[in-house]
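Listed here are the chains, written in short residue letters.
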Amino acid sequence: MLNALLLPLMFSMAGGTYVYLQLPDRRAQGLLILTLFQLIGAVGYVMEPTVNLFTLLSIHASVVLILLVRHLQAPAAATQTGEGNQ
């Protein structure tokens, strides 16, 4: 199971970090996708629990948690409305 999940989880960490840093308007979607990859990895761990897969999932979960906490702590982007801006 580790062989089947290694590359997708590594790619999701790299891609999720890229989306978080370079595309701030798509951060929420990127974090959702990272969370879904974590769930897929958890299903794989239930099917075949190994220490190596658990370590990989722990690293992936740490990356997801750090990015999610940073996203939630970031100030909300101010949206401009057409009212009162004259």
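Bear in mind that the values here come from a model prediction, so they are computed numbers and not experimental data. (Residues numbered from 1 in each chain as written. Predicted model: local features only at pLDDT ≥ 70, side-chain atom pairs only at ≥ 80, totals over all residues. Heavy atoms only, no water.)

For the rest of this paragraph, the subject is the overall build of the protein chain. Looking only at helices and strands, the protein chain features three helices and zero strands. Listing each helix as α and each strand as β along the protein chain from the N terminus yields α-α-α. The contacts in the protein chain between residues at least 6 apart in sequence include a share of 70% that link residues at least 24 apart. Of the roughly 6,400 Å² that the protein chain leaves accessible, carbon and sulfur atoms contribute 67%. (Helix = DSSP H or I, 4+ residues; strand = E, 2+ residues; numbered from the N terminus. Contact = heavy atoms within 4.5 Å. Areas by Shrake-Rupley, 256 points an atom, 1.4 Å probe, with all protein chains shown as cover.)

Along the chain, the position of Leu-39 falls in helix H2 (residues 27–47). With relative accessibility at 51%, the residue Leu-39 sits in the exposed group. Between the C-alpha atoms of Leu-39 and Ala-61, which are 22 residues apart in sequence, the distance is 9.9 Å. (Buried < 20%, exposed > 50% of the residue type's maximum accessible area, 1.4 Å probe, protein only.)

Right, let's get into the side chain of His-60. Residue placement: His-60 occurs in helix H3 (residues 51–73). On the accessibility criterion, His-60 (0% relative accessible area) is buried. Looking at His-60, its side chain comes within polar contact range of the side chain of Ser-12, at 2.7 Å. (Polar contact = N/O pair within 3.5 Å; in protein donor to acceptor, adjacent residues only side chain to side chain.)

A word on the packing of helix H1 (residues 2–22) against H2. Where H1 meets H2, the axes come as close as 9 Å, and the angle between the chain directions of the two elements is 165 degrees. As judged from the angle between their axes, H1 and H2 are roughly antiparallel. Relative to H2, H1 is oriented so that their crossing is left-handed. Counting all contacts with H1, which are made through Leu-5, Pro-8, Leu-9, Ser-12, Met-13, Gly-16, Val-19 and Tyr-20, the residues of H2 involved are Arg-27, Gly-30, Leu-34, Phe-37, Ile-40, Gly-41 and Gly-44. Grouping the amino acids of the contact of H1 with H2 by side-chain chemistry returns nine nonpolar, five polar and one charged. (Axes fitted to C-alpha atoms, helices over the stretch in contact; angles between N-to-C directions. Parallel < 35°, antiparallel > 145°, perpendicular 65-115°, else oblique. Left-handed = near helix turned anticlockwise from the far one by under 90°. Nonpolar A, V, L, I, M, F, W, Y, C, P; charged D, E, K, R; others polar.)

Attention now moves to the packing of aromatic side chains. Inspection of every chain in the model, using the stated rule, returns one aromatic pair. The aromatic ring of Tyr-20 is capped on one face by Arg-27, whose charged end is 4.3 Å from the ring centroid. (Phe/Tyr/Trp six-rings, centres within 6.5 Å; stacked < 30°, edge-to-face > 60°. Lys NZ or Arg CZ within 6 Å of the ring centre and 35° of its normal.)

Moving on, we come to the layout of surface pockets. Within this model, the largest pocket holds a volume of roughly 190 Å³. As for the largest pocket, its lining consists of Phe-11, Ser-12, Gly-15, Gly-16, Val-19, Leu-23, Arg-26, Gln-29, Gly-30, Ile-33, Leu-34 and Phe-37. When contributions to the lining of the largest pocket are tallied by element, the ones reaching two or more residues are H1 and H2. Here the lining of the largest pocket is composed, by residue class, of six nonpolar, five polar and one charged. (1 Å grid on protein atoms, 1.4 Å probe; cavity = no way out; pocket = protein on both sides within 12 Å on 5 of 7 lines; lining within 4 Å. Points joined across faces, edges and corners; volume = space filled by probe spheres on them.)

In short, the description is geometric, and any link to function would need to be established separately.
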